[in-house]
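# Analysis of the macromolecular model
Residues per chain, in single letters:
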Amino acid sequence: MQISPSILSADFANLESELRAIGNADWAHVDVMDNHFVPNLTIGLPVVEALVEVSPIPLDCHLMIEDPDRWAPPYAEAGAGSVTFHIEAAADPVRVSRAIRAAGARAAFALKPGTQFAPYEDLLDEVDMVLVMTVEPGFGGQSFMVDQMPKVRQIREAVRRHGGEIWVQVDGGVSAETIEQCAEAGADVFVAGSAVFGAESAAGAVDELRARVAEHGG
Ligand code: DX5
Ligand code: ZN
């Protein structure tokens, strides 16, 4: 199991120290939003290039952008360890995944809450992770959508049938209260923004999330 705190809830004026504060996590989740795919605008490639240089842990870039066919591979080339694009936005997901992997990063696709997994099962051949959104993408601090758990279960089953090391990530409203349900459904990578950076100690919150999953036998 792995924890990937979302720096969307961190102090944007001090990202280097915020990254150091979660040095005990497995990944730093970076939410890239273009104000087109989602109604919010965050950071883009130049900032990610700078973060790669200073982060003690690898970057897990979640691209909530249009035209990932064009814009996703450069994040892998910039040195992100994992690059996730939204399946709803990709014209040729096989090609995007291959380009991300060719640049040396893990490739993943994300599903919005209203997007079904079944039509994309064949894509498991091309990716290292599937991200299940447990809120509508766009903002931190929203309520966890428990109705996405059957989808997590379905993907875990498909991954089992498929074989190989494909991770299942959940993102949105993940906290000490909701993480066990995610683990129980079969998720193994947990993104948490407000639950980590809203806590008194970000590192303490990471440890607590880990402990909750461990207690569950994850
Ligand atoms: C939402 C982002 C999430 C967000 C999660 O669109 O993809 O990564 O930061 O924040 P919390 O954990 O506060 O729901
Ligand atoms: Zn995210």
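Details of the structure are given in the entry above.
Computed from a predicted model, the values in this text were never measured in an experiment.

Right, let's get into the site of ligand 1. Taken together, 20 residues surround ligand 1, and among them Gly138, Asp171, Gly173, Gly193 and Ser194 come closest. Gly138 places a main-chain nitrogen or oxygen 2.7 Å from an oxygen atom of ligand 1. Here an oxygen atom of ligand 1 and a backbone polar atom of Gly173 are 2.8 Å apart. Coverage of ligand 1 by the protein chains reaches 100% of its 380 Å² of free accessible surface. Looking at the shell around ligand 1, the elements that each hand over two or more residues are strand 2 (28-33), strand 3 (59-64) and strand 8 (189-192). At three residues, strand 2 tops the list of elements feeding residues into the shell around ligand 1.

Here we take up the environment of His216. Relative to the elements of secondary structure, His216 occurs in the segment after helix 9 (202-215). Owing to a relative accessible area of 36%, His216 belongs among the partly exposed residues under this scheme. Measuring from C-alpha to C-alpha, the distance between His216 and Ala187 comes to 12 Å, with 29 residues separating the pair along the chain. Those residues in contact with His216, other than ones at most four positions away along the chain, are Glu180 and Glu184.

Calculation criteria
- Residues numbered from 1 in each chain as written.
- Chains lettered and ligands numbered in written order.
- Predicted model: local features only at pLDDT ≥ 70, side-chain atom pairs only at ≥ 80, totals over all residues.
- Heavy atoms only, no water.
- Near = heavy atom within 4 Å.
- Polar contact = N/O pair within 3.5 Å; in protein donor to acceptor, adjacent residues only side chain to side chain.
- Areas by Shrake-Rupley, 256 points an atom, 1.4 Å probe, with all protein chains shown as cover.
- Helix = DSSP H or I, 4+ residues; strand = E, 2+ residues; numbered from the N terminus.
- Buried < 20%, exposed > 50% of the residue type's maximum accessible area, 1.4 Å probe, protein only.
- Contact = heavy atoms within 4.5 Å.

Remember that the coordinates give geometry; whether it matters functionally is a separate question.
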